[in-house]
Amino acid sequence: MEAGPIHVLLIEDNVAYAKMLQAGLSSGDVLHTAVEIRHAENIRTAFDLLAGHKFDLILLDLMLPDSSGLETLVKIQAVAVGVPVVVLTGVEDVELAETIIQKGAQDYLVKGHSDWEVLPRAIRYAVNAKRAEKEIQRLASFPQLAPTLVFEIDAAGNVAFCNASAHRMLARLGLGDDPKVFLPADFGKVLERLGHGKMENFRTEVTVKDRVFGMGVYLVPQFSTVRIYAIDITDRKKAELELAREKQLLRVLIDHLPDQIFVKDAQSRFLIANKAVGENLGVEPGEMTGKSDADYFPAEYAGQYLKDEQEVIQSGRPIEDRETPGISSEAVKRWFLSTKVPLRDENGGIIGLVGINKEITGLKIADEALRRQARELARSNADLQQFAYSVSHDLQEPLRTIASFITLLARKYRGNLDKQADEFIGFVVDGASRMQRLINDLLDYSRVDTHGKAPRPTDAKAVLDRVLASLGAALAESSASVVCDGLPTVMVDASQLGQLLQNLVSNAIKFRADEPPKIHISARPDGGKWVFSVADNGIGIPAEHKEKIFEIFQRLHSRARYPGTGVGLAICKKIVQRHGGEIWVESAAGGGSTFCFTLPAAGAEPAGKSG
């Protein structure tokens, strides 16, 4: 008996007899298993119970008042399809018994003659027979219902069995109805091995009309058959090929990248290394699998690599763009930007890490060269500052002495000597004066960076007003007019802004045409900066000299016509650049000039040096 209670429907109008059966069968002592019995005193109640419950067995008395004999049996079998029926009656009639058995009843038992040995045996037989029949049907349905192609070949090479899936596949491929098309080409040798009497099995693949089938072949000598289970693996094979192609493409990709790429397990042993890693170490990447950095690097390097990687694996926090020293197979020190991130499985657990090393040896060498140049430049600047101090102190003092005595000579002897002597004295006085102006301008130029103050919000209009006041005499002498639009507040060194504006306005007065100078000063916003314009109606600047005029000591005119040292615009350029701006001129010869420069708006950090 299978585990589980037996569910019995007892159809009996004798209540006392029914209770006796219920008590005897339900105790478990007779059938040695649990029995659940539902009792119906008439056929109508029985049909109600059959509609709502499933039973393993029906005990039926055909002599009930509402029974119609054999017709009742047929009706019950139609409702309880597949449920065995044992007729339990008080009539001993052999012919009736045969008829009832022919109608499909499992057994015919006579009350009084059916003692507690016969009835339990009949019940066990009926239930077990039904359950065995269901199990056989269930097992038999497997090869028919499964998507796997199942067929058997006997020792003579004939098809002994072919399931529905195999027939469907044959029809789908348009191959008729013979499953032998699925057999491997050397199947004759398989049949020969069947005669050896040894159970064997193996796997193979067969291609039929561009479809690939994976096969399990089983030799069953006791039944003299070869059983074959086949499944269409075409899509899987395509996926495997595609995966292999993608894997190969990925391999080619990482091998052609100049950066070193590698994958390590949780113990920091190499799983994958690209060509760049192997070339650096002088080995083939495939040889590195299972090895660690200790196999290739000095202990000081390998120990640090291991420490960093285990920190990533234990904490789950990546290392990004860390400068890391390394060494090549030729023992040459190299530098890398190293990134290492944890490698996780499908559940999120860390199983290793992925690393990328980007070589920056060339950048490190260039950076060190720049640092050396910066140190040399700093020393040069210090020398220049010392030279500027010397010019300021050591050269100015004797020059002042010369200028003073020449001035005294000119006052005392001009007119008392001949005309040529007066001319020579004039040359000396003029030369000394120009030398003083040149030295002063050079000092101003050198001090733009070294003596400048930190930029701060400055009212440009207030600075311009002070400049125009200091140039009052020159403006009046030249009959110049100055028009100024509203000027903004900018982030500058106020004294240097005054120097810048004074140089530009002075130039507009100096390089005037025949008409009185007209100067227009304005500013417009441009993002986080202001673009200033100082326009005049002067002599203009030829296009080919627009850049030249901002170079130190560059002059476009003779000193006799336009005096000066050629340093003023160079100072303007240096002031603007110190504040992170640009300066340029828009002009044409004879058409006036517009000098433009940019300065940071108040609240914006200047891009240049702060001094």
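Shown above is the structure to which this text applies.
Residues numbered from 1 in each chain as written. Predicted model: local features only at pLDDT ≥ 70, side-chain atom pairs only at ≥ 80, totals over all residues. Heavy atoms only, no water.

1. Some words on the packing of aromatic side chains
Threshold: Stacked, edge-to-face and tilted are the three classes for Phe, Tyr and Trp ring pairs, Trp counted by its six-membered ring, which pair at centre distances within 6.5 Å; planes under 30 degrees apart are stacked, over 60 edge-to-face, the rest tilted. Throughout, exposure labels follow a simple rule: accessible area from a 1.4 Å probe, protein chains only, divided by the maximum for the residue type, with under 20% read as buried, over 50% as exposed, and the rest as partly exposed. Two thresholds decide whether a charge sits over a ring: the Lys NZ or Arg CZ must be within 6 Å of the ring centre and within 35 degrees of the ring normal.
Enumeration according to the criterion identifies 8 aromatic pairs in this entry. Aromatic side chains Phe-262 and Phe-270 sit 6.0 Å apart centroid to centroid with 75 degrees between the ring planes, which places their arrangement in the edge-to-face category. For the pair Phe-262 and Phe-270, a shared accessibility class is recorded, and that class is buried. Among the aromatic side chains, those forming a connected cluster through ring pairs are Phe-151, Phe-182 and Phe-213. Lys-264 extends its terminal NZ or CZ atom over the ring of Phe-270, reaching a point 4.5 Å from the ring centre. Sitting above the plane of the Trp-335 ring, Lys-364 keeps its charged end 4.5 Å from the centroid.

2. Some details on the nonpolar core
Which entries qualify depends on this criterion: Here, nonpolar core means buried Ala, Val, Leu, Ile, Met, Phe, Trp, Tyr and Cys residues that are tied together by side-chain atoms lying within 4.5 Å of each other. Starting at the N terminus, helices and strands are each numbered in turn, a helix being any DSSP run of H or I of at least four residues and a strand any DSSP run of E of at least two. A contact between two residues is defined here by any heavy atoms of the two lying within 4.5 Å.
With 37 residues, the main nonpolar core has Leu-497, Leu-500, Leu-504, Phe-532, Phe-595 and Phe-597 as its most contacted residues. Those elements giving two or more residues to this core turn out to be helix H13 (460-470), strand E18 (489-492), helix H15 (494-510), strand E19 (518-526), strand E20 (529-535), helix H16 (568-578), strand E21 (583-587) and strand E22 (593-600). Not counting chain neighbours up to four residues away, the residues in contact with Phe-595 comprise Leu-504, Phe-532, Ser-533, Val-534, Ile-541, Ile-549, Phe-550, Leu-569, Trp-584 and Val-585.

3. Concerning helix H10 (residues 299-315)
Side chains that are three or four residues apart share a direction in an α-helix, a result of its 3.6 residues per turn. Inclusion rule: A helix is expected to span 1.5 Å multiplied by its residue count minus one. What the arc covers is the set of directions going from the helix axis to the C-beta atoms.
When the terminal C-alpha atoms of H10 are compared, their 24 Å separation across 17 residues agrees well with the 24 Å that a helix rising 1.5 Å per residue should span. Burial in H10 covers these residues: Tyr-301, Ala-302, Tyr-305, Asp-308, Glu-309, Val-312 and Ile-313. Here the buried residues of H10 occupy an arc of 135 degrees about the axis, which is enough to place them on one side. Exposed positions of H10 whose direction lies more than 90 degrees from the buried face are Ala-299, Glu-300, Lys-307 and Gln-314. Buried residues in H10 make contact with strand E11 (260-265), strand E13 (319-327), strand E14 (333-344) and strand E15 (350-359). Two residues or fewer after H10 comes Gly-316, characterised by a positive phi angle close to 80 degrees.

4. Regarding the environment of Ala-331
By the secondary structure assignment, Ala-331 is in the loop between E13 and E14. For Ala-331, a relative accessible area of 57% gives the class exposed. Taking the C-alpha atoms as reference, Ala-331 lies 9.5 Å from Leu-281; in sequence the two are 50 residues apart.

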